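Structure assessment
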Amino acid sequence: MTTKEWLMRGWEINKEINTLLEEKERAFAFACSVTAPTDHERVTTTRRNTSEDKFVRYANEDYEKEIDRRIDELYQIKLEILSAIGAVNDSTLRKLLVKRYLQFKTWEQIAVEMNYSYMHITRLHGKALQEVKML
């Protein structure tokens, strides 16, 4: 595994967590949605809709467990990456690495925030990768 691949581990987990959060919201909204019956439909009412209850419980509990598990994994990876970044001597390079691999910012965002050109950021990134010591 290259240094860049090692540092990028958090990106995929972060994307997965965001996807799970979106899916949880979608599932919960679907479970809570109500449709109005038409005049031709006969509606019988019960005190509880068990399938809806199960779906809401699934949307809340099962998604939460998976999201929490992935967040814990991301937290551990971020700690490893932070430790490796902390060993870099140059503060500019550390700042760039934190923005990219812990805050998950794009190169364009980093260039604007650090007041450098895109090309200069990519050059600095190459230099920063050489200074990172994987754990």
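The structure we're discussing is the one just above.
Now for a quick tour of the structure. (Residues numbered from 1 in each chain as written. Predicted model: local features only at pLDDT ≥ 70, side-chain atom pairs only at ≥ 80, totals over all residues. Heavy atoms only, no water.)

**Observations regarding the nonpolar core**
Counting 30 residues, the largest nonpolar core has Leu7, Ile81, Leu96, Leu97, Tyr101 and Ile121 as the members making the most contacts within it. When residues of this core are traced back to their parent elements, those giving at least two are α1 (3–32), α2 (50–86), α3 (91–101), α4 (107–114) and α5 (118–131). (Core = buried A, V, L, I, M, F, W, Y, C linked by side-chain atoms within 4.5 Å. Buried < 20%, exposed > 50% of the residue type's maximum accessible area, 1.4 Å probe, protein only. Helix = DSSP H or I, 4+ residues; strand = E, 2+ residues; numbered from the N terminus.)

**Overview of the pattern of salt bridges**
Applying the stated criterion to the full structure yields 7 salt bridges. We note a salt bridge from Glu16 to Arg70, for which the minimum N-O separation is 2.6 Å. Taken together, the positions of Glu16 in helix α1 and Arg70 in helix α2 put the pair 54 residues apart, joining distant regions of the chain. Since its relative accessible area comes to 10%, Arg70 is described here as buried. (Salt bridge = Lys/Arg side-chain N within 4 Å of Asp/Glu carboxyl O.)

**Comments concerning the side chain of Arg70**
A distance of 2.5 Å separates the side chain of Arg70 from the side chain of Glu73, its partner in a polar contact. Those residues in contact with Arg70 that lie beyond four places of it in its chain are Ile13, Glu16, Ile17 and Leu20. (Polar contact = N/O pair within 3.5 Å; in protein donor to acceptor, adjacent residues only side chain to side chain. Contact = heavy atoms within 4.5 Å.)

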